[in-house]
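Topology and contacts: notes
Now for the letters of each chain:
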Amino acid sequence: MSLRPSTEISRRGFLGLGLAASAGLAMFPRGTWALQPAGKPAATAAKKLFEWKSLHAKAWAAIGQGGNTLVLSDAGKTLLIDTKMPVFGDILRREAESTVGKLTMVLNTHHHADHTGGNHAFTKDLPLLAHKKAEPRIAGQIDRYIAGIKSAVGDMTKAQPAERELVADDFKKLHDRMADLHVKDFVPTQTFEDGHELSVGGLKLKLHHFGAGHTDNDAVVHIPSINLVHTGDLLFYKTYPYIDREGGATTVGWRASLRKVIELCDDKTIIVPGHGEVCTKAALSEQIEYFDRMCEFVAKEIKNGKSREDVAKLNPEPYDKYNTEWIRPITLRGIYEELSEKK
């Protein structure tokens, strides 16, 4: 199998590993920030922090600086899916509304900080939907959100002048009101369990929860009429998948969920992964194959007497050029622990 790293996932903010560590579950790739031209409308084609990609006349994705965001808009209704890290919430909302119009609802695909941290910029006036099991997990990581804000402000001096100018005001304002941020600013106002349907104007959305995979609260968003799926972090495209054992991750369940997602797709389905470039159904099979091969690899190392930390130091082919190198040992430790438990 021939693999090549995605160029888009190589982008990482100046925040560095400090924010990733303090947030606990930040999936930023390393690199430099890139100021992006707006995708729509032409009249607002100014510099933007996120890369806005038009996927359909009613769908746009904001790539970079955390989990991928999807925005759907139809007949005056607009849904934003995943809000990135805390420091980017206000920027994301401003850019989204300048791109597609006023938002009317927000959804989180799962609880991780790089998908829910920006919730505070939306919950004051918008309904927020997430899986039922995400609610207590989001509520329990308020300290991570605050630590992420502090780290980002501290790291801002590492940015290039143009980048610093783009975010400095928003970062400072958020830093100044940290004491006013509470659990209610982040948790969902509505929850669902094993399945849910909702409408965004004339768009009908189906929300699926196929069981524990990347976490115990993964939501897959399927929009049949435009043949588009947002997988959340069930798909890390061309990058090491983050295995959060405490969050309910299991590679067995993860693969089972991916097989269910494949059933929703055809060869023309647009896939928005949790991380990585927008892709097609083939990427879902690649993620399954990744886990198949890596589990086989780790199982052999366990049989050969390798310790958990020995395995975490390895860099097996053909995935040795995958992006987000800092996640690789976490992935290997997670697989090692899961396989060891089965014995």
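The preceding data block contains the structure.
Residues numbered from 1 in each chain as written. Predicted model: local features only at pLDDT ≥ 70, side-chain atom pairs only at ≥ 80, totals over all residues. Heavy atoms only, no water.

Some details on the overall build of the protein
Operational definition: Strands are runs of DSSP state E lasting at least two residues, helices are runs of H or I lasting at least four, and both sets are numbered from the N terminus onward. Only protein chains enter the accessibility calculation, which uses a 1.4 Å probe; a residue is then buried when its area is under 20% of its type maximum, exposed when over 50%, and partly exposed in between. Accessibility throughout is a Shrake-Rupley quantity obtained with a 1.4 Å probe, and a residue counts as covered only by protein chains that appear here.
Helix and strand counts for the protein come out as 10 helices and 14 strands. Taken over 343 residues, the protein has a buried fraction of 58%. Accessible area for the protein stands at about 13,500 Å²; split by element, carbon and sulfur atoms hold 51% of it.

Topic: the pairing of strand β5 (residues 69-74)
To be explicit about the condition: Note on pairing: DSSP must find at least two bridges between two strands before they are called paired.
With respect to burial, β5 is a largely interior element, 6 of its 6 residues being buried. Burial along β5 is two-sided: the face carrying Thr69, Val71 and Ser73 and the face carrying Leu70, Leu72 and Asp74 are both buried. Bridging between strand β4 (residues 59-63) and β5 involves 4 bridges; their strand directions are antiparallel. Across the sheet, residue Ala61 finds its bridge partner in β5, namely Leu70. Between the antiparallel neighbours β4 and β5 lie 5 residues, among them Gly64 with a positive phi of about 105°. As paired elements, β5 and strand β6 (residues 77-81) share 5 bridges and run antiparallel to each other. Looking at the pairing, Ser73 lines up with Thr78 of β6. Hairpin connection between β5 and β6: a loop of 2 residues separates the two successive antiparallel strands, and Ala75 in this loop has a positive phi of roughly 50°.

Structural notes on the packing of helix α7 (residues 251-262) against helix α8 (residues 282-303)
Formally: Angles run from 0 to 180 degrees between N-to-C directions of axes, and those axes are lines fitted to C-alpha atoms, restricted for helices to the stretch in contact. Should an angle lie under 35 degrees it is considered roughly parallel, over 145 roughly antiparallel, and from 65 to 115 roughly perpendicular; all remaining angles are considered oblique. Helix crossings get a hand from a simple test, with the near helix turned counterclockwise from the far one by less than a right angle marking a left-handed crossing and a clockwise turn marking a right-handed one. Two residues qualify as a contact provided that any one of their heavy atoms is within 4.5 Å of a heavy atom in the partner residue. Residues are sorted three ways: Asp, Glu, Lys and Arg are charged, Ala, Val, Leu, Ile, Met, Phe, Trp, Tyr, Cys and Pro are nonpolar, and all the rest, Gly among them, are polar.
Running from amino to carboxyl end, α7 crosses α8 at an angle of 160°, the nearest separation of the two axes being 9 Å. The orientation of α7 with respect to α8, classified from their angle, is roughly antiparallel. In terms of crossing hand, the pair formed by α7 and α8 is left-handed. For the pair α7 and α8, contact is made by Thr251, Trp254, Arg255, Leu258, Arg259, Val261 and Ile262 and by Leu284, Ser285, Gln287, Ile288, Phe291, Asp292 and Cys295, respectively. Broken down by class, the residue content of the contact of α7 with α8 amounts to 8 nonpolar, 3 polar and 3 charged.

Some details on the sheet that holds strand β9 (residues 190-192)
Reading across from one edge, β3-β4-β5-β6-β7-β8-β9 is the order of the 7 strands in this open sheet, with mixed pairing throughout. Either end of the sheet is taken by a strand with one partner, and the two such strands are β3 (51-56) and β9. Adjacent strand axes in the sheet meet at a mean angle of 20°, parallel and antiparallel pairs treated alike.

Details of the pairing of strand β12 (residues 220-223)
Burial along β12 is two-sided: the face carrying Val220 and His222 and the face carrying Val221 and Ile223 are both buried. Relative to β12, strand β11 (residues 203-208) is paired through 3 bridges, and the arrangement is antiparallel. Across the sheet, residue His208 finds its bridge partner in β12, namely Val220. Bridging between β12 and strand β13 (residues 228-236) involves 3 bridges; their strand directions are antiparallel. By the bridge assignment, Val221 is partnered in β13 with His230. Here β12 folds back onto β13, and the loop between the two strands holds 4 residues, one of which, Asn227, carries a positive phi near 55°.

Digging into the sheet that holds β12
Consider a sheet: its strands pair through backbone hydrogen bonds, and that pairing is either parallel or antiparallel. The 5 strands are arranged β10-β11-β12-β13-β14 in an open sheet whose pairing can be described as mixed. Edge positions in the sheet fall to β10 (195-200) and β14 (270-275), since each has one partner strand and no second. Averaged over neighbouring strand pairs, the angle between their axes works out to 25° when direction is ignored. Each of β12 and β13 touches α7; the most contacted strand, β13, lies at about 165° to it. Strands β13 and β14 of the sheet are contacted by α8, whose axis makes an angle of about 20° with β13.

Some thoughts on α7
Side chains three or four residues apart in an α-helix point the same way, a direct result of the helix having 3.6 residues per turn. Filter applied, for reference: Expected span, for any helix, means 1.5 Å times one less than how many residues it has. Think of a polar contact as two N or O atoms within 3.5 Å of one another; within protein, one of them needs to be a possible hydrogen donor and the other a possible acceptor, and neighboring residues in sequence only count if both atoms come from side chains.
End to end, α7 covers 16 Å across 12 residues, agreeing with the expected 16 Å (1.5 Å per residue, within 8%). The complete set of buried residues in α7 reads Thr251, Gly253, Trp254, Arg255, Ser257, Leu258 and Val261. Packing partners of the buried residues in α7 comprise β12, β13, α8 and α10 (328-341). Among the residues of α7, the N-terminal cap falls to Thr250, whose side-chain oxygen and the backbone nitrogen of Val252 are separated by 3.3 Å.

Notes on the packing of aromatic side chains
What counts is decided by this rule: Each pair of aromatic rings taken from Phe, Tyr and Trp, with Trp reduced to its six-membered ring, is defined by centres within 6.5 Å and is described as stacked if the planes are under 30 degrees apart, edge-to-face if over 60, and tilted in the remaining cases.
If you walk through the whole model with that rule in mind, you get 11 aromatic pairs. Geometrically, the ring pair formed by Phe50 and Phe88 is edge-to-face, given 6.0 Å between the ring centres and 85° between the ring planes. In this pair, Phe50 is assigned in the loop between β2 (47-48) and β3 and Phe88 in the loop between β6 and α2 (89-100), connecting sequence segments 38 residues apart. Judged on exposure class, the residue Phe50 and its partner Phe88 are both buried. Between Tyr145 and Phe186 the ring centres are 4.2 Å apart and the planes differ by 10°, which places this aromatic pair in the stacked class. Residue Tyr145 is located in helix α5 (residues 142-155), and its partner Phe186 is located in the loop between α6 (161-176) and β9; the two are separated by 41 residues in the primary sequence. Just as Tyr145 is buried, Phe186 falls in that class too. An aromatic cluster of at least three residues, connected via ring pairs, comprises Phe236, Tyr240, Trp254, Tyr290, Phe291, Tyr319 and Tyr322.

A few points about the nonpolar core
Rules: The definition of a nonpolar core used throughout is a set of buried Ala, Val, Leu, Ile, Met, Phe, Trp, Tyr and Cys residues joined through side-chain atoms within 4.5 Å.
Formed by 37 residues in total, the largest nonpolar core has its most connected members in Phe50, Trp52, Leu80, Phe88, Phe122 and Phe171. Tyr240, Ala283, Met294 and Val298 belong to the second largest nonpolar core, which has 34 residues in total.

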